[in-house]
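Fold and contact review
Spelled out from the first residue to the last, the chains are:
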Amino acid sequence: MNITKLKQIRKSKGYTLSTLSSIIGCTSSYLSQLERGLKQPSLEMLRRISDCLEVPIFIFFSEAETSDLQVNNQRTSEYSIVRHDNRKKIVMPDILTEYEFITPYNVDGSDNCRIVGMYTTLAPGKWACEKLISLNFDFSVFILKGTATVSLKENTLILQEGDSIYFNSGAKHNFYNSGNEQLVLIGYGERNKLILTHS
């Protein structure tokens, strides 16, 4: 986790420690300790911070970014290849869910990609997120392996291997592995800001 990016982002948005801490519901001291890497935030706190600063939550899980995608992967003016052993991986600490970008993805947008693709694995009995979330763009998810229970604001759906679902922007949702084997999802969506909000 690279929470030390927080100070740079906070200052670029014009927030003082005191102002940001009062908005997200913590003390200035706690926020200062986060910025210095002395404490690790909960996923819930990261969501509050990312919502307030209007940055993708993934920015706090990524390692040092590079705008030169040729360092680890092949890129030309016509295509980019993301090698399986060089995908950017994010592990959500509270829920042990793994996300891997299967498209080039730099938080600062320097990859110039308009579509984001992710490969997600969930262990049996695990959720993709700790709460219902919504994204600010349309996206589609394909069930590559396993059985998924999809919780929506007012419905619950069961998706089997080979099924897919398309979400409109703002649809509140969450995925749960209701099967006995690993659940593997592949999702694609518009790049936009990749901001997540939670209910």
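Residues numbered from 1 in each chain as written. Predicted model: local features only at pLDDT ≥ 70, side-chain atom pairs only at ≥ 80, totals over all residues. Heavy atoms only, no water.

Observations regarding the overall build of the protein chain
Looking only at helices and strands, one finds 4 helices and 13 strands in the protein chain. Burial analysis of the protein chain (199 residues in total) assigns 44% to the buried set. In the protein chain, once contacts between residues fewer than 6 apart in sequence are set aside, the share between residues at least 24 apart is 65%. Roughly 10,300 Å² of accessible area belongs to the protein chain as shown, and the carbon and sulfur atoms make up 48% of that amount. (Helix = DSSP H or I, 4+ residues; strand = E, 2+ residues; numbered from the N terminus. Buried < 20%, exposed > 50% of the residue type's maximum accessible area, 1.4 Å probe, protein only. Contact = heavy atoms within 4.5 Å. Areas by Shrake-Rupley, 256 points an atom, 1.4 Å probe, with all protein chains shown as cover.)

Overview of the nonpolar core
Counting 23 residues, the largest nonpolar core has V141, I143, I165, F167 and F175 as its most contacted members. The contact partners of I143, leaving out residues within four places of it in the chain, are A148, L159, Q160, E161, G162, D163, F175, L183, V184 and L185. With 17 residues, the next largest nonpolar core counts L20, I24, L34 and L43 among its residues. (Core = buried A, V, L, I, M, F, W, Y, C linked by side-chain atoms within 4.5 Å.)

Re the side chain of T121
Among the structural elements, T121 can be located in strand β5 (residues 115-122). Each residue touching T121, except ones within four places of it in the same chain, is listed here: T97, E98, Q182, L183 and V184.

Side note on the pattern of salt bridges
For the coordinates displayed, the defined rule picks out 2 salt bridges. As a salt-bridge pair, R10 and E35 come within 2.5 Å of each other at their nearest N and O atoms. Of this pair, R10 sits in helix α1 (residues 5-12) while E35 sits in helix α3 (residues 28-35), placing them 25 residues apart in sequence. On the basis of relative accessibility, which here comes to 5%, the residue R10 falls in the buried class. (Salt bridge = Lys/Arg side-chain N within 4 Å of Asp/Glu carboxyl O.)

Thoughts on the packing of aromatic side chains
The final tally for this structure, using the stated rule, is 4 aromatic pairs. Put simply, the rings of F137, F139, F167 and F175 pair up and form one aromatic cluster. In this arrangement the basic side chain of R87 is found over the ring face of Y119, its NZ or CZ atom lying 5.1 Å from the centre. (Phe/Tyr/Trp six-rings, centres within 6.5 Å; stacked < 30°, edge-to-face > 60°. Lys NZ or Arg CZ within 6 Å of the ring centre and 35° of its normal.)

Some thoughts on the confidence of the model for the protein chain
Averaged over every residue, the pLDDT of the protein chain is 81; residues scoring 70 or more account for 79%. Per-element confidence in the protein chain is highest for strand β9 (residues 156-159), whose mean pLDDT is 97, and lowest for strand β13 (residues 196-198), whose mean pLDDT is 46. Low pLDDT, under 50, characterises residues 64-71; the predicted model gives this stretch 16 contacts beyond four residues in sequence or across chains. Every residue in residues 195-199 is under pLDDT 50, and counting partners more than four places away or in other chains gives 29 contacts. (pLDDT = per-residue confidence, 0-100.)

Let's talk about the environment of G37
Along the chain, G37 turns up in the loop between α3 and α4 (43-53). Exposure remark for G37: the relative accessible area of 38% places this residue in the partly exposed category. For the pair G37 and K5, spaced 32 residues apart in sequence, the C-alpha separation works out to 9.8 Å.

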